[in-house]
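Remarks on the overall topology
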Amino acid sequence: MALARLYMRSPLHCLMSAVQHCSLTTCNGPYCASFTAVLQAVWVFTTLLPVLLLNTMSTGGPAAVLWTDIVGGAVFATGLLTEAVADGQKFAFKLDPSNKGKFIDSGLWSFSRYPNYFGEMMVWWGMFVFCAGGLQGAQFASVASPFFVMLLLRFVSGVPLQEKQAEVRWGTTQEYMDYRARTNLLVPLPKCWNSKSG
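I will try to describe carefully the structure that is included in this document.

Parameters at a glance
- Residues numbered from 1 in each chain as written.
- Predicted model: local features only at pLDDT ≥ 70, side-chain atom pairs only at ≥ 80, totals over all residues.
- Heavy atoms only, no water.
- Helix = DSSP H or I, 4+ residues; strand = E, 2+ residues; numbered from the N terminus.
- Contact = heavy atoms within 4.5 Å.
- Areas by Shrake-Rupley, 256 points an atom, 1.4 Å probe, with all protein chains shown as cover.
- Phe/Tyr/Trp six-rings, centres within 6.5 Å; stacked < 30°, edge-to-face > 60°.
- Buried < 20%, exposed > 50% of the residue type's maximum accessible area, 1.4 Å probe, protein only.
- Core = buried A, V, L, I, M, F, W, Y, C linked by side-chain atoms within 4.5 Å.
- Salt bridge = Lys/Arg side-chain N within 4 Å of Asp/Glu carboxyl O.

**Regarding the overall build of the chain**
Secondary structure summary: the chain contains 8 helices and 0 strands in total. Mapped from its N terminus to its C terminus, the chain presents α and β elements in the order α-α-α-α-α-α-α-α. Counting contacts in the chain only where the partners sit at least 6 residues apart, residues at least 24 apart contribute 66% of the total. Accessible surface, the chain as shown: approximately 12,600 Å² in total, 68% of it carbon and sulfur.

**Observations concerning the packing of aromatic side chains**
On inspection of all chains with the given rule, the structure shows 8 aromatic pairs. Ring centres of Phe103 and Tyr179 lie 5.0 Å apart, and the angle between their planes is 40 degrees; this geometry places the pair in the tilted category. Pair noted here: Phe103 is in the loop between helix H4 (67-95) and helix H5 (115-132) and Tyr179 is in helix H8 (residues 174-182), with a separation of 76 residues, a long-range link. Here the two residues Phe103 and Tyr179 agree in accessibility, since each one is buried. Within the aromatic cluster, the residues linked to one another by ring pairs are Phe103, Trp170, Tyr176 and Tyr179.

**Here we look at the nonpolar core**
Membership of the largest hydrophobic core is limited to 11 residues, which are Tyr114, Tyr117, Phe118, Met121, Met122, Val123, Trp124, Val149, Leu153, Val159 and Leu186. Top element by residues in this core is H5. It accounts for 6 residues. With residues up to four places along the chain from it excluded, the contact list for Val123 reads Phe76, Gly79, Leu80 and Glu83. Judged by nonpolar contacts, the second largest core, of 10 residues, contains Ala86, Phe93, Ile104 and Trp109.

**A closer look at the environment of Tyr179**
Its relative accessible area of 3% is what places Tyr179 among the buried residues. The sequence separation of Tyr179 and Trp109 amounts to 70 residues, and the corresponding C-alpha distance is 9.9 Å. Dropping the residues within four chain positions of it, Tyr179 is found in contact with Phe103, Ile104, Asp105, Trp109, Ser112 and Arg113.

**A word on the pattern of salt bridges**
Scanning the model with the defined rule gives 3 salt bridges in all. For Arg182, the salt bridge goes to Asp105, with nearest N and O atoms at 3.5 Å. Note that Arg182 is positioned in helix H8 and Asp105 in the loop between H4 and H5, a separation of 77 residues in sequence. Note on Arg182: relative accessible area 42%, which makes it partly exposed. Between Arg113 and Glu163 there is a salt bridge, with its nearest N and O atoms 3.4 Å apart. Taken together, the positions of Arg113 in the loop between H4 and H5 and Glu163 in helix H7 (residues 159-170) put the pair 50 residues apart, joining distant regions of the chain. Each member of the salt-bridge network shares a partner with another, and the members are Arg113, Glu163 and Arg180.

What follows is the structure, encoded as structure tokens:
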């Protein structure tokens, strides 16, 4: 009996209860709070894995600048800039009262429906490439970091939730259907081809 009471107070029980009582779209109560905290901890650990592994290695002297440092830094900076600009554009769009109830289709958002998520993905790919020059052997498994972020944003928490909300708000309007047809989902570049042309 004492063992059962101890389990009922354990983090494992809280996590299991949270999984049973929560979904990613509705989160209420203490179980969901613990589920959210654990999910965030897993996210942070997984995304920082390349950096953690690199920092545990001893090099015995000053490190040389590698091509991975330059490429990784450039990808990281481009991703951070893309995410910051996209978030800033959306923030400014929402501040304008005349845009109430509208979707943003200007700036980076005229090329991509989710340029902020694309920027976030680039940040973590850049971090991995930056660290890759110092990784060895099994440490390259830390490529799970950018893949984890990509999969989470593309298939779990980011794009799917936003697409559902957009479908509810504007899905039947011709203007939104045209916007979806002419813009990429993630990559903020002009769409070079249209699948409807022929």
